[in-house]
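Coordinates in review
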Amino acid sequence: GLKFSALSAAWKHVAAQQCASHDALLTSEAMLLDIDLYRISAAEQEFEVAWALEVLPHRRGQPMHALASWFTLGFFNASQQRCSGCSTANVTQLSTHPEKPCTHWAQTFFFLDEEMAATSCE
């Protein structure tokens, strides 16, 4: 047979993409970055941000295994200067949020080294 014991610890150090159910989330959401792709500079793409998550009251004490991330793209800042048909363009959003139907982008999970209980101030 095949032995995969060498991979037992390594998988936690690699982000995984999979679909999450909104019901599986234990905390509030935090926006880490909001950018305008028409105006952002290369330097602005490197960022650090302080963030905090609040454990949902009905989820306190439940085991937490990973942090989940997703993105929402808004196509709403088009102008006549960028394209001739944009004045009649519809506002559109593409989201990989767990409340939305799963796409091939899914969500990205960053696994914790050890399971921890979701409590209020962590």
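Each remark here, short or long, concerns the structure printed above.
An account of the accompanying structure is given in this report. (Residues numbered from 1 in each chain as written. Predicted model: local features only at pLDDT ≥ 70, side-chain atom pairs only at ≥ 80, totals over all residues. Heavy atoms only, no water.)

1. A short note on the overall build of the protein chain
In terms of regular secondary structure, the protein chain is built from zero helices and five strands. For the protein chain, the N- to C-terminal ordering of α and β elements is β-β-β-β-β. Buried positions account for 16% of the 122 residues belonging to the protein chain. Nonlocal contacts in the protein chain, meaning residues at least 24 apart in sequence, comprise 74% of its contacts between residues at least 6 apart. For the protein chain, the accessible area works out to roughly 9,600 Å², and carbon and sulfur atoms hold 55% of it. (Helix = DSSP H or I, 4+ residues; strand = E, 2+ residues; numbered from the N terminus. Buried < 20%, exposed > 50% of the residue type's maximum accessible area, 1.4 Å probe, protein only. Contact = heavy atoms within 4.5 Å. Areas by Shrake-Rupley, 256 points an atom, 1.4 Å probe, with all protein chains shown as cover.)

2. Overview of the pairing of strand E5 (residues 107-117)
In this structure, strand E1 (residues 16-18) lies alongside E5, joined through three bridges in antiparallel fashion. Bridge assignment links alanine 16 to a residue of E5, and that residue is phenylalanine 109. Of the pairings in the sheet, the one linking strand E2 (residues 63-69) to E5 comprises six bridges and is antiparallel in character. The residue bridging leucine 67 from the neighbouring strand is phenylalanine 110, located in E5. (Pairing = 2+ DSSP bridges.)

3. Here we look at the side chain of arginine 59
You can see arginine 59 is positioned in the loop between E1 and E2. Separated by 3.3 Å, the side chain of arginine 59 and the backbone oxygen of leucine 25 make a polar contact. Within the local environment of arginine 59, its side chain forms a polar contact with the side chain of glutamine 62, the two groups lying 3.1 Å apart. Setting aside anything within four residues of it in sequence, one finds arginine 59 in contact with Asp23, Ala24, Leu25, Leu26 and Ala118. (Polar contact = N/O pair within 3.5 Å; in protein donor to acceptor, adjacent residues only side chain to side chain.)

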